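# Examination of the molecular architecture
The primary structure of each chain is shown beneath.
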Amino acid sequence: VANVASGVVLAVGALLGEILRVDLPRLISDQPIVLKLAQTSPLGGSSNNIEGELMSSHKKHSKVLALLFGAALVVAACGGDDDAVTTEAPTSEAPTSEAPTSEEPTGEPFKIGVQNLEGDPNGSFPEFSIAIQAAADYVNAELGGLGGRPIEIVLCKSIVSPDDSQRCANELSAEGVDLAISTINFFGNHYSIYRGAGIPVLAVTPITIADFTSEGVFAIGAGGGCLGVHTGLVEFATNQIEELEGIDVQKVAVPWSDTPPGVVCYNDLEAKPLDVLNGSEPGEAARAGSKPGLSHIGVAVAPAAPDVTAQATEVLDFAGDVIIFSAQGADCWNLVDALGRLGWTPESTPLVLSGACTDFTAMAAAGDLAKGIYLTGTENGLLSPLEGLTGQHLDNATAYQTKGLEYGMTSDDLFKGFAGQGFSAIMSIWEIAQGIDGDVTGQAISDGYGNTDGTQPSFGNSPLNCKSAPAPYVSVCGSSISVSQWDGTQLVLVTERLTGLDLVAGTALRPGPKG
């Protein structure tokens, strides 16, 4: 659970004003959306990395590339100084890639503090900061910065430690950043420091109670992070998968990441909604109590464990109808390997993984053990090959896959879910800035997020709706996910959009085991 995401990724903000007005069903082509293994790099030459089919799509969609740099997102001011800052829909035409119209940003740098876990085997995600820097460089070089202010990334690397979490927050606050990005944090004890300094925060991969419930925090991660992804895993594994696999799900095995946020995400967002479904936990969902015979088991899996045979054995001994799991990428595929050594196959028991497990290299290496596995993502996922995409999905994926590489990302980093979320976070901030009439400040960006109402398309994600976040999860700006299935060479979309948020809406928080 340390890594939630949705496939990727992903995070927020739509890129083109022209394309953004396309109806949602038209954002997905009639053909299955797939991610394919390729032998050709999008920049030419040979590559053994799994990069997607970019070259042919680049030629085919060159006209669309000319529209990539347009302004989008409608946001209105909410709170703050209404006389000083207002937000409205941008109406300017999109500049072309051949002749960008954005001027070089020359104003005072807009400092974005990035607090990221790096260098700790219990949780290390350097692809986040790499993608964030690439997106910032892209926005500065081609999109005019944020209201004429160049983005300056101030990175603080931390380890998985509550003290180090607060150290980074103190250092970034002392640096005077305008806005902070919390990529993924296991403790949530840093928000009070930012709040005391008057610094708004974007939670890119929300996984703790604090991520979901803190004032001044906007959990913009694709699928609502832990909230959207884990409840979505439960929804899919007890509903949509029944028709896809021709099974009646009455037993769900839930291995879970044994980390501080993993404890919360398992108990509150997996065990609890499963109990809502079997009627042992009161709930408001339409499906509450609809599976009175449903049983489930939780199996803790320590991060970076060298051998998880015992945990895999416990999972299989439960003889569940389906298995769901979310963790950092390496842990996902360690468990798959252990299950396989014990005789499991995706055909024998369906396995549904969160998008945090998406790692094309690992999936290819797993061979037949990966074939048939389901992974969550977002409806406008950035890892899709360009061929067959249309509208916003095409433009978002094109911008990420071409500009990410152009501004310093490797193809290996590019096709990791958290990289997509990091890139999307910066694009989201840029889009919010496009709707600000007045000075672009941290408070103005915060006001823009606070007024999103689900009507504005968002980069690599479902539309944000921070204004209508349900209690008690008042920081969460979205919860929708998609689900794809790996067929051995590509990911094929099987469920375009779903949410399991109603399975926990109105319930009491359950941060630990049920009493």
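## Points about the pattern of salt bridges
All told, the structure shown has 15 salt bridges when counted by the stated rule. With a shortest N-O distance of 3.1 Å, Arg 341 and Asp 337 are connected by a salt bridge. With Arg 341 and Asp 337 both in helix H11 (residues 329-341), this residue pair falls four residues apart, about one helical turn. Given the relative accessible area of 38%, Asp 337 is considered partly exposed.

## Some points on the state of the cysteines
Here the structure, examined in full by the defined rule, presents four disulfides. Note that Cys 226 is cross-linked by a disulfide to Cys 265, the S-S spacing being 1.7 Å. Of this pair, Cys 226 sits in helix H8 (residues 226-245) while Cys 265 sits in helix H9 (residues 260-278); the two residues are 39 residues apart in sequence, bridging distant segments of the chain. Numbered by position along the chain, the disulfide-linked cysteines of the chain connect as 1-2, 3-4, 5-6, 7-8.

## A short note on the packing of aromatic side chains
Summed over the entire model, instances satisfying the criterion amount to 12 aromatic pairs. Aromatic side chains Tyr 138 and Phe 423 sit 6.3 Å apart centroid to centroid with 20° between the ring planes, which places their arrangement in the stacked category. Of this pair, Tyr 138 sits in helix H4 (residues 126-142) while Phe 423 is found in helix H15 (residues 417-434), placing the two residues 285 residues apart along the sequence. The burial state of Tyr 138 is the same as that of Phe 423; both residues are buried. Both rings, one in Tyr 400 and one in Phe 423, keep their centres 5.2 Å apart while their planes meet at 75°; by these two values the pair is edge-to-face. Taken together, the positions of Tyr 400 in helix H13 (residues 391-406) and Phe 423 in helix H15 put the pair 23 residues apart, joining distant regions of the chain. In terms of burial, Tyr 400 and Phe 423 fall into one category: buried. Every member of this aromatic cluster is reached through a ring pair, and the members are Tyr 138, Tyr 400, Tyr 407, Phe 423 and Phe 459. The ring of Phe 318 is capped by Lys 251, whose NZ or CZ atom sits 4.5 Å from the centre of that ring.

## Observations concerning the pairing of strand E8 (residues 251-257)
Across the seven residues of E8, six count as buried, placing the element largely inside the fold. Across seven bridges, the pairing between E8 and strand E9 (residues 295-301) is parallel. Residue pairing in the sheet places Pro 255 in a bridge with Val 299 of E9. Handedness of the crossover joining E8 and E9 through H9: right-handed. Of the pairings in the sheet, the one linking E8 to strand E10 (residues 322-325) comprises two bridges and is parallel in character.

## A look at the confidence of the model for the chain
In this model, the chain carries a mean pLDDT of 81, and residues with pLDDT of at least 70 account for 80%. In the model, residues 1-101 has pLDDT below 50 throughout and makes 312 contacts with residues more than four positions away in sequence or in other chains.

## Describing the packing of H15 against helix H16 (residues 442-450)
Packing of H15 against H16 leaves a shortest axis separation of 9 Å and a crossing angle of 95°. For the element pair H15 / H16, the angle class is roughly perpendicular. On H16, the residues touching Ala 425, Ser 428, Ile 429, Ile 432 and Ala 433 of H15 are Ile 445, Gly 448 and Tyr 449. Of the residues assigned to the contact of H15 with H16, the class counts are six nonpolar, two polar and no charged.

About the thresholds
Residues numbered from 1 in each chain as written. Predicted model: local features only at pLDDT ≥ 70, side-chain atom pairs only at ≥ 80, totals over all residues. Heavy atoms only, no water. Salt bridge = Lys/Arg side-chain N within 4 Å of Asp/Glu carboxyl O. Helix = DSSP H or I, 4+ residues; strand = E, 2+ residues; numbered from the N terminus. Buried < 20%, exposed > 50% of the residue type's maximum accessible area, 1.4 Å probe, protein only. Disulfide = S-S within 2.5 Å. Phe/Tyr/Trp six-rings, centres within 6.5 Å; stacked < 30°, edge-to-face > 60°. Lys NZ or Arg CZ within 6 Å of the ring centre and 35° of its normal. Pairing = 2+ DSSP bridges. Right-handed = clockwise from strand over helix to strand, strands pointing away. pLDDT = per-residue confidence, 0-100. Contact = heavy atoms within 4.5 Å. Axes fitted to C-alpha atoms, helices over the stretch in contact; angles between N-to-C directions. Parallel < 35°, antiparallel > 145°, perpendicular 65-115°, else oblique. Nonpolar A, V, L, I, M, F, W, Y, C, P; charged D, E, K, R; others polar.

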